[in-house]
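Summary of structural features
The chain contents come next:
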Amino acid sequence: MSMDLDGLDPAFAPGVSHREPGGLTTRQVINLIQSVNQPIVAADIVELNPLRDIAKLTAIVAAKLLKEIAGMMVETRA
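Note that the coordinates shown come from a computational prediction; the quantities given were computed from them, not determined experimentally.

1. Examining the side chain of Glu68
Tracing the backbone through its elements, the reader meets Glu68 in helix H2 (residues 57–77). Looking at Glu68, its side chain comes within polar contact range of the side chain of Gln34, at 3.0 Å. When sequence neighbours within four positions are dropped, the list of residues in contact with Glu68 reads Ile30, Ile33 and Gln34.

2. What about the pattern of salt bridges?
By the definition in use, this model includes one salt bridge. With its nearest N and O atoms 3.1 Å apart, the salt bridge here joins Lys64 to Glu68. Remark: Glu68 and Lys64 occur in helix H2; sequence separation between them is four residues, near one turn of the helix. According to the relative accessible area criterion, Lys64 is partly exposed, its value standing at 30%.

3. Brief notes about helix H1 (residues 26–34)
Among all positions of H1, only Thr26, Val29, Ile30 and Ile33 are buried. Projected down its long axis, H1 shows its buried positions confined to an angular sector of 100°, all on one face.

What counts and what doesn't
Residues numbered from 1 in each chain as written. Predicted model: local features only at pLDDT ≥ 70, side-chain atom pairs only at ≥ 80, totals over all residues. Heavy atoms only, no water. Helix = DSSP H or I, 4+ residues; strand = E, 2+ residues; numbered from the N terminus. Polar contact = N/O pair within 3.5 Å; in protein donor to acceptor, adjacent residues only side chain to side chain. Contact = heavy atoms within 4.5 Å. Salt bridge = Lys/Arg side-chain N within 4 Å of Asp/Glu carboxyl O. Buried < 20%, exposed > 50% of the residue type's maximum accessible area, 1.4 Å probe, protein only. Arc of directions from axis to C-beta.

Take a look at the structure:
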């Protein structure tokens, strides 16, 4: 699974290189991750730009998405 933070709305992820007004909310992305019904064997999260990250908001969102993806990976193995 590859998670591109550019797809999130800047209200939720301002710290990316190419902002996408009208993009996805954090909740929509979490719901998409949780809806995957295939084993997740690898993942990455890309496009975090610390120079544009207001109050580290995007880093916090990236960490939350990483936790959700890792949870799905562990759940699949159990």
